[in-house]
Structures are given as C-alpha cells and as structure tokens.
Amino acid sequence: MKILNYSFLIICTLAFNVWALNELSFEKEVSIAKKDAKAVIIDVGAGSLNVRGEDVDEVSVTAKVYSKKYSDLGELQESFTDNVIFNLQHKGSNIVFQAKNKDKLFNFSNPNISIDVELIMPKEMHLEIDDGSGNVIISNINGMLEIDDGSGSINIQNIGDSISIDDGSG
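Since we're looking at a predicted model, the values are computed, not measured.

Participant: So what exactly am I meant to see when it comes to the nonpolar core here?
Facilitator: Counting residues in hydrophobic clusters, the biggest one holds 36 residues, and the most contacted among them are I42, V51, F97, L119, L127 and I138. When sequence neighbours within four positions are dropped, the list of residues in contact with L119 reads V40, I42, N50, V51, R52, V59, S60, V61 and F97.

Participant: Any chance you could explain the side chain of D131 here in plain terms?
Facilitator: Within the secondary structure, D131 is located in strand β8 (residues 126-133). This buried residue, D131, is left without a salt bridge; K100 holds the nearest opposite charge, at 11 Å. Here D131 is in contact with V44, G45, G47, V136, D148, D149, G150 and S151, once residues within four sequence places are set aside.

Participant: Please clarify how the sheet that holds strand β6 (residues 94-101) should be interpreted in this entry.
Facilitator: Think of a sheet as strands paired side by side through backbone hydrogen bonds, with each pair either parallel or antiparallel. Pairing within the open sheet is mixed, and its six strands lie in the order β5-β6-β2-β8-β10-β12. Edge positions in the open sheet fall to β5 (84-91) and β12 (163-169), since each of these has one partner strand only. When strand polarity is set aside, the average angle formed by the axes of neighbouring strands in this sheet is 5°. Two strands pair when backbone bridges link them, and β5 and β6 are joined in this way by eight bridges, in the antiparallel orientation. Among the inter-strand pairings, I85 is bridged to a residue of β6, identified as K100. Across the face of the sheet, helix α2 (residues 73-83) comes into contact with β5 and β6 while running at roughly 50° to β5.

Criteria and cut-off values
Residues numbered from 1 in each chain as written. Predicted model: local features only at pLDDT ≥ 70, side-chain atom pairs only at ≥ 80, totals over all residues. Heavy atoms only, no water. Core = buried A, V, L, I, M, F, W, Y, C linked by side-chain atoms within 4.5 Å. Buried < 20%, exposed > 50% of the residue type's maximum accessible area, 1.4 Å probe, protein only. Contact = heavy atoms within 4.5 Å. Helix = DSSP H or I, 4+ residues; strand = E, 2+ residues; numbered from the N terminus. Lys, Arg positive; Asp, Glu negative; His and termini not counted. Salt bridge = Lys/Arg side-chain N within 4 Å of Asp/Glu carboxyl O. Pairing = 2+ DSSP bridges. Axes fitted to C-alpha atoms, helices over the stretch in contact; angles between N-to-C directions.

Pasting the structure below:
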C-alpha cells in the first residue's frame, strides 16, 4: 500500500511540474523611422528590458510575450490584445514605446502577461525609461539617460552623457 501511495504522489508531482513549465509565448516586432526625433521614451510593465544603441536610423522592437496562465495560444493572444498596450509611435520630437497592462477602472481579471523587450535605437538619441519590474540592460547610448525603475536589476554600459536613476528595489 505504501508503494502505491508513493507512486501516486510521484505521479502527481511530475504532472504538476510539467503543467507548471507549460509557458505559452509568441513574438511581436515593430519598428519606426527616426525622422526628426530627439529621444526615445519607453514605458513598460513586467518583463525584462534590453536597450542597445547602434548606428541605425530607426527604432526597432522585438518582444517575447509570455504567460503560464493560459492553456491555449489563441487565448493568450486574445488576452494580450484586450488587456495590453503595445505600440511604437512618434509623439512630438519623441519616439514612444509602450508595453504594459491597460489601466482599466474595473479590471478584475489579471492577464498575468509578461513581455521581454529588446529595443535597438540610434545611439545618439536621449533615452527615458519608466520600467515596472524586471531586469534592465542598457548599452551604447551617447545621449542622456533617465530611468524610473520599480524593481529588478539595472546594468548600464557605455553611456556618453548624464545618467539619472530613480530605483525602487533591485
């Protein structure tokens, strides 16, 4: 009887571990020409952020959208569309990228969606980041850098101008 109980316990544990590892994901890519923009403003929620300056004339974003909450990729994509702001656009002399949950007055369902972002931008531009949570890596930016970070580690390399950081934890 003990062997049967242990076998049942092992099977349940393995089944839970397989279910817990079942993370669904998909990628989104967007880009926009620099034109006359002077700065890139990034407003992101949960997930990692990697920003790299290069000799380019556009801002390009590759994002991995993922969650363990959903059992079907279509469900995850629908929830992403309904509950997440994801856009890259010109606003005045700035290029603004947003990837975060929509602010809803009565939002009782948490989509539990995280977004890992890699953003490549012209290195001479200024950069302003408002980050919710997750690790941040920034490199090769010749302009000013301003970061408002909620939580997660920050790794900064090769910044050519001033740096301002307001960090919650990490």
